[in-house]
Amino acid sequence: MIPPKKPDNEIARLAALHSYDILDTLPEQSYDDLLRIAAGICRTPMGAVTLVDDSRQWFKARLGVAVEETPRDVAFCGHAILVPDEVMVVPDARSDARFHDNPLVSGDPRIRFYAGAPVIAGGEAVGTMCVFDDVPHELSQAEREALQSLARQVSVLLDARRHARILGHHLRERDWYEQQLLQYQAQLEAHNADLAELSRTDALTGLPNRRAFDAALQAATGRTGDAGGLAVALIDIDHFKTINDLHGHPVGDQVLAAVAQVLRASAGSAATVARYGGEEFALLLHVTDAGAAELQAQYVREAVQNLPIGFPVTVSIGLALRRGDATPAALLDRADRALYAAKRGGRNRVELAGE
Ligand SMILES: Nc1nc2c(ncn2[C@@H]2O[C@H](COP(=O)(O)OP(=O)(O)OP(=O)(O)O)[C@@H](O)[C@H]2O)c(=O)[nH]1
C-alpha cells in the first residue's frame, strides 16, 4: 500500500476546507441526493462525499459505507485530490500498487473499483465525490463527466452554506446593533424625561415652577368654559428681604421650603401650587364662586401665619376669579394687581381682584 502524500498546498487546502466549518456536521439531504445520483449513473452500490482533513477523511454523505470517517493514510480520496482537475479511476484495486493491500480493499467494504472527482471549494481540492464497488469496473467518458459535474454541485452546496452562514452572521450582528440602538433610545428618552421634569420643577421647594404653572393655567383655561370656575392666587411672602437680612440667606431658603410645604398641604389636592418667582408662589384653584376662592385663600394665609418657625412669617395674597373667557395673561394681571393692593393694604391679607 502506498499512503497518499500531502499536496504542496496542504496548508492553504486545509484552511479552505476549515473555512466552510462543515466537518462533523449532520447528514443533509442535498448531499445525499447528489451522491445517490452519482452512484446511480456510475452503477455502483457504494459511494461517498468525502472531505479530506489533516489526518482523516470524513464523509458528509455516504452510501453503503458503515463508518463516518477513515484514516487519511488509507483514503483513496487522499490520492484523488492530488490531481484536482481529473477524475481518478481505479478499475481494480487489487492490481493497483497503491491499494492492493489497503485495509479497505482486504477488509470491509472490500473496494475493487473506485472513481473519485475532486470537489474544488475556495480554490482548493477539499474532498471528492466518489463511487466504489466490490467488483472491478470501468467508467465511460460520459460517467466520468457526470461524476465531475456532481462534484461541482457539491462545491455549489458548500459555497451556498458559507454564504448562508455569512448572511446569518450579518443578521445577528444587525440584530445586536438594533438592540443597542433600542437601548440607547430608551436611555435617551429617560434622560429627556428627567430633563423635562427638571425644567418644570423648582429645585429648592420641589414645587412646579413658573413654566409648569403657566402650562397648567393655559390648559385649565382651555378646558373651563364656565365663568367663575377658575381662580388664580398670587402669594408673596411679606418682608422677605428682612427675613434674609436678619436670619441669613440659608434660613430664608428654609422659610421658602416651609411655606411651599404648607401651601401644598393647605391648598387642597385639586389645586396646582407653584413657585412663581423668588419669594412668590401661585395657586390655581378650581372653585365655584368668589366666596369659595376667598375662603380657601384665607385658609392658606392662616396656615402660613401659623408656621412654627420661630419668627413671624406671613403672606399677602392677590386673588383673581376668571370671568368670561379671560386669557391666562389677563387673569394673572388682575391677580398681580390684587396682590399689590394686599401689600399696600397692610400685608398678611387676601385681596380679591375686581373687574
Ligand atoms: N433666601 C432666598 N432669598 C430669595 C430667594 N429668591 C429671592 N429672594 C429674596 O427675596 C427678597 C424679596 O425682597 P423684596 O422684593 O424687596 O420684597 P420683600 O422684602 O418680600 O417685601 P414685600 O414683598 O414688599 O413684603 C430679595 O431680598 C431676594 O434676594 C431665594 O431663593 N432664597
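Residues numbered from 1 in each chain as written. Predicted model: local features only at pLDDT ≥ 70, side-chain atom pairs only at ≥ 80, totals over all residues. Heavy atoms only, no water.

Caption draft 1: Representation of the overall build of the chain. Along the chain, the regular secondary structure elements total ten helices and eleven strands. Here the chain holds 355 residues, and 46% of them are scored as buried. A total accessible area of about 18,000 Å² is found for the chain, and carbon and sulfur atoms account for 54% of it. (Helix = DSSP H or I, 4+ residues; strand = E, 2+ residues; numbered from the N terminus. Buried < 20%, exposed > 50% of the residue type's maximum accessible area, 1.4 Å probe, protein only. Areas by Shrake-Rupley, 256 points an atom, 1.4 Å probe, with all protein chains shown as cover.)

Caption draft 2: Summary view of the packing of aromatic side chains. Inspection of the entire model under this criterion finds five aromatic pairs. Between Tyr114 and Phe132, the ring centres sit 6.5 Å apart and the planes meet at 15°, which makes this aromatic pair stacked. Taken together, the residues span a long stretch of sequence, with Tyr114 in strand E5 (residues 113–121) and Phe132 in strand E6 (residues 124–133) at a distance of 18 residues. Judged by its relative accessible area of 5%, Phe132 falls in the buried class. Their ring planes at 75° and their centres at 5.1 Å tell us that Trp176 and Tyr177 sit as a pair that is edge-to-face. Given the relative accessible area of 49%, Trp176 is considered partly exposed. By relative accessible area, Tyr177 is classed as partly exposed at 49%. Linked through ring pairs, Phe76, Phe99, Tyr114 and Phe132 together constitute an aromatic cluster. Above the face of the Tyr20 ring, Arg162 is positioned so that its terminal group lies 4.2 Å from the ring centre. (Phe/Tyr/Trp six-rings, centres within 6.5 Å; stacked < 30°, edge-to-face > 60°. Lys NZ or Arg CZ within 6 Å of the ring centre and 35° of its normal.)

Caption draft 3: Broad picture of the UniProt feature "coiled-coil region" (unreviewed entry) in the chain. Feature annotation in UniProt places "coiled-coil region" (unreviewed entry) on residues 174–201, given in this structure's numbering. Secondary structure over residues 174–201 splits into 89% helix and 0% strand, and the C-alpha atoms at its two ends are 40 Å apart. (UniProt positions renumbered as here; feature names shortened; annotations may be inferred.)

Caption draft 4: Structural detail: unusual backbone geometry. Of note, the amide linkage connecting Asp108 to Pro109 takes the cis form, showing an omega dihedral of 5°. In this structure, Pro109 sits in the loop between helix H4 (103–106) and E5. Even without being a glycine, His239 presents a positive backbone phi close to 50°. Mapped onto the fold, His239 is located in the loop between strand E7 (230–237) and helix H7 (240–247). Overall, the relative accessible area of 47% leaves His239 in the partly exposed class. If you check the backbone angles, Arg347 has positive phi at about 70° while not being a glycine. As for its placement among the helices and strands, Arg347 is situated in the loop between helix H10 (328–344) and strand E11 (350–352).

Caption draft 5: Expanded view of the sheet that holds strand E4 (residues 88–90). Taken in spatial order, the six strands make up an open sheet running E3-E2-E1-E6-E5-E4, and their pairing is antiparallel. The open sheet has two edge strands, strand E3 (69–71) and E4, and neither has a second partner. Going from strand to strand, the sheet's axes swing by 25° on average, the running direction of each strand aside. Bridge count for strand E1 (residues 46–52) against E6 is six bridges, and the pairing is antiparallel. Residue pairing for E6: Val49 is matched across the bridge by Met129. In this fold helix H2 (residues 29–42) packs onto E1, strand E2 (56–63) and E6, with an angle of close to 80° to the strand it touches most, E2. The strands touched by helix H5 (residues 141–198) are E1, E4, E5 and E6; relative to E5, the strand with the most contacts, the crossing angle is about 40°. (Pairing = 2+ DSSP bridges. Axes fitted to C-alpha atoms, helices over the stretch in contact; angles between N-to-C directions. Contact = heavy atoms within 4.5 Å.)

Caption draft 6: Seen up close, the site of the ligand. Among the 16 residues in the neighbourhood of the ligand, the closest are listed as His239, Phe240, Lys241, Asn244 and Asp253. Within the side chain of Asp236, one N or O atom sits 3.1 Å away from an oxygen atom of the ligand. Within the backbone of His249, an N or O atom sits 3.2 Å from a nitrogen atom of the ligand. Within the complex, the protein chains bury 66% of what would otherwise be the 660 Å² of accessible surface of the ligand. Elements supplying a minimum of two residues to the shell around the ligand: E7, H7 and helix H8 (249–266). (Near = heavy atom within 4 Å. Polar contact = N/O pair within 3.5 Å; in protein donor to acceptor, adjacent residues only side chain to side chain.)

Caption draft 7: Layout of the pattern of salt bridges. Using the criterion set out here, one finds 20 salt bridges in the structure. The closest approach of N and O atoms between Arg165 and Asp21, which form a salt bridge, is 2.6 Å. Placement of the pair is Arg165 in helix H5 and Asp21 in the loop between helix H1 (10–19) and H2, with a sequence separation of 144 residues. By relative accessible area, which is 40% here, Arg165 ends up partly exposed. Classification of Asp21 as partly exposed rests on a relative accessible area of 42%. A salt bridge links Asp96 to Arg98, with the shortest nitrogen-to-oxygen separation between them at 2.9 Å. Using a relative accessible area of 16% as the deciding quantity, one classes Asp96 as buried. Given a relative accessible area of 26%, Arg98 falls into the partly exposed group. The network of salt bridges with shared partners includes Asp24, Asp53, Arg56 and Glu69. (Salt bridge = Lys/Arg side-chain N within 4 Å of Asp/Glu carboxyl O.)

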